[in-house]
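Analysis of the macromolecular model
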Amino acid sequence: QVQLVESGGGLVQPGGSLRLSCAASGSIFNIYTMGWYRQAPGKQRELLATITSGGITNYADSVKGRFTISRDNAKNTVYLQMNSLKPEDTAVYYCNTPGRVTYGTWGQGTQVTVSS
């Protein structure tokens, strides 16, 4: 029901920062919990952070203290601010809803490469 498009990825040096955006097409975006995920080649997709419709957040230990998830419901957009990036953060980053995850539906994602 909700179409999601990730953007903002790119090449960054270790220690650098990026902010990813996830634009949603649905007019009822504000009812959904949203999450950011990532998948590196040959590795499992992992959940990084979630934010409820009311703004309650949770983070994986691997990114806690470095990444911040936020949302602007008026703009139908979810953000992931990534600081202190490490080479092991290199992956394709996705946003999604619990329902889409359960169904196995994913968007294109946005590539983040951390390298010197």
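Here, the structure is the one placed above.
The shown structure was predicted, so the numbers you read here are calculated from the model rather than taken from an experiment.

Comments concerning unusual backbone geometry
The phi dihedral of Asn76 is positive, around 50 degrees, even though this residue is not glycine. With respect to the element layout, Asn76 can be found in the loop between strand E7 (67-72) and strand E8 (77-82). Judged by relative accessible area, Asn76 falls into the buried class, the value being 16%. Positive phi outside glycine occurs at Ser84, with the angle close to 50 degrees.

Some remarks on the sheet that holds strand E2 (residues 10-12)
Pairing within the open sheet is mixed, and its 6 strands lie in the order E2-E10-E9-E4-E5-E6. Two strands close off the open sheet at either side, each with one partner strand: E2 and strand E6 (57-59). Pairs of neighbouring strands in the sheet enclose a mean axial angle of 25 degrees, with direction left out of account. For E2 and strand E10 (residues 110-114), the ladder comprises 3 bridges, and the chain directions are parallel.

A closer look at the state of the cysteines
In total, this model carries 1 disulfide according to the counting rule given. Paired by a disulfide, Cys22 and Cys95 hold their sulfur atoms 1.8 Å apart. When the S-S torsion is 60 degrees, as for the bridge of Cys22 with Cys95, the disulfide is right-handed. Note that Cys22 is positioned in strand E3 (residues 18-24) and Cys95 in strand E9 (residues 91-96), a separation of 73 residues in sequence. Take Cys22 and Cys95: they sit in the same class, and that class is buried.

Cut-offs used in this document
- Throughout, residues of each chain are indexed from 1 in the direction in which the sequence is written.
- Local features are withheld for residues below a pLDDT of 70 in this predicted model, meaning they are given only at 70 or higher, and side-chain atom pairs are given and counted only at 80 or more; totals for whole chains, interfaces and linings count all residues.
- For side-chain calculations, the full set of non-hydrogen atoms in the structure is used, while hydrogens and water are omitted.
- Every helix listed is a DSSP run of H or I at least four residues long, and every strand listed is a run of E at least two residues long, numbered separately from the N terminus.
- Per-residue accessibility, obtained with a 1.4 Å probe over protein chains only, is compared with the maximum for each type, and a residue is labelled buried under 20%, exposed over 50%, and partly exposed between these values.
- One bridge is not enough; two strands pair if DSSP finds at least two bridges between them.
- Only the contacting stretch of a helix is used when fitting its axis, a line to C-alpha atoms as for every element, and angles between N-to-C directions run 0 to 180 degrees.
- What counts as a disulfide here is a pair of cysteine sulfur atoms lying within 2.5 Å.

As far as function goes, none of this settles anything; it's purely spatial.
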